[in-house]
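Secondary and tertiary structure notes
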Amino acid sequence: MSDDESYICRDPYSLEAKLINKSQRELEDGTEKDPLTKLRLLCLTRGARGIVGLGRVFRIMDDDGSKTLNEEEFSDGIKECGLNELTEEEIKDLFSSFDEDGSGTIDMTEFLLKLRPPLPQCRLDIIEQAFMKMDKNEDNFITVDDLKNVYSVREHPKYQSGEKTEHELLTEFLNNFEGNRGNNDGTITKEEFVNYYATISASIDNNMYFDLMMRRAFAL
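Below, the structure is looked at part by part. (Residues numbered from 1 in each chain as written. Predicted model: local features only at pLDDT ≥ 70, side-chain atom pairs only at ≥ 80, totals over all residues. Heavy atoms only, no water.)

With their axes 10 Å apart at the nearest point, helix 5 (residues 71-80) and helix 6 (residues 88-98) run at an angle of 130 degrees to one another. Taken as axis vectors, helix 5 and helix 6 run oblique relative to one another. The way helix 5 lies across helix 6 gives a crossing that is right-handed. Contacts from E71, F74, S75, I78 and K79 of helix 5 reach helix 6 at E88, I91, K92, L94 and F95. Counted by class, the contact of helix 5 with helix 6 contains 5 nonpolar, 1 polar and 4 charged residues. (Axes fitted to C-alpha atoms, helices over the stretch in contact; angles between N-to-C directions. Helix = DSSP H or I, 4+ residues; strand = E, 2+ residues; numbered from the N terminus. Parallel < 35°, antiparallel > 145°, perpendicular 65-115°, else oblique. Left-handed = near helix turned anticlockwise from the far one by under 90°. Contact = heavy atoms within 4.5 Å. Nonpolar A, V, L, I, M, F, W, Y, C, P; charged D, E, K, R; others polar.)

Given below as structure tokens:
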């Protein structure tokens, strides 16, 4: 194992900075991007919370719980998240590409699934395994209490230095799922958990190291 690979396994908290830098470079490399790729990279430059935060905004706009969005809601959601680098034309093209039946609405879950970075089945399996370990009552939500004794913060630099307590770091971990427009409800859905780690996954090339990171973090 190289020094870089060893560091990844010891300190998963460095992955987000690596992800942000990688996405920013790709976004600015001068090549033409299709609207979906551009939006994905814009979200990734905000770190692991980018796609999760967009999903939360979409859910807030979905007043009737139908899990569908019309073009105005879709456009407003992207702007609400501050993703202003996407032009009106690109937003319109993106919406149209998902509105295949011409109904004037798109499936929110399907859109977020295609927006997140590709996720090999082996990585999806270990992510779902970690979620299920925490979700003791099988209600598809996890809270700080669920995280205790499951998610390890022992390797976090601020825990090792005494700067922050376990509870503070667990709460901070939950807040990662809120995005920039979160409502701080203290819960994570399964969809948000998977989307978060799908984003982190994008910064790790080797399946073995991703698997090891998850097993160490969640004592699997």
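This paragraph deals with the side chain of R123. With respect to the helices, strands and loops of the structure, R123 is situated in helix 8 (residues 121-134). In terms of polar contacts, R123 uses its side chain to reach the side chain of S201, at 2.7 Å. Reaching out from R123, the side chain makes a polar contact with the backbone oxygen of I204 at a distance of 3.0 Å. Here R123 is in contact with S201, I204, D205, N206, N207 and F210, once residues within four sequence places are set aside. (Polar contact = N/O pair within 3.5 Å; in protein donor to acceptor, adjacent residues only side chain to side chain.)

Let us look at helix 8. Helix length check: helix 8, at 14 residues, gives a terminal C-alpha distance of 20 Å against a target of 20 Å (1.5 Å per residue), a fit within 8%. Within helix 8, burial applies to R123, L124, I126, I127, A130, F131 and M134. One face of helix 8 carries all of its buried residues, which in axial projection span an arc of 165 degrees. Facing away from the buried side of helix 8 by more than 90 degrees, the exposed set consists of Q121 and M132. On its buried face, helix 8 is in contact with strand 3 (141-142), helix 9 (144-147), strand 4 (188-189), helix 12 (190-201) and helix 13 (207-218). (Expected span 1.5 Å × (residues − 1). Buried < 20%, exposed > 50% of the residue type's maximum accessible area, 1.4 Å probe, protein only. Arc of directions from axis to C-beta.)

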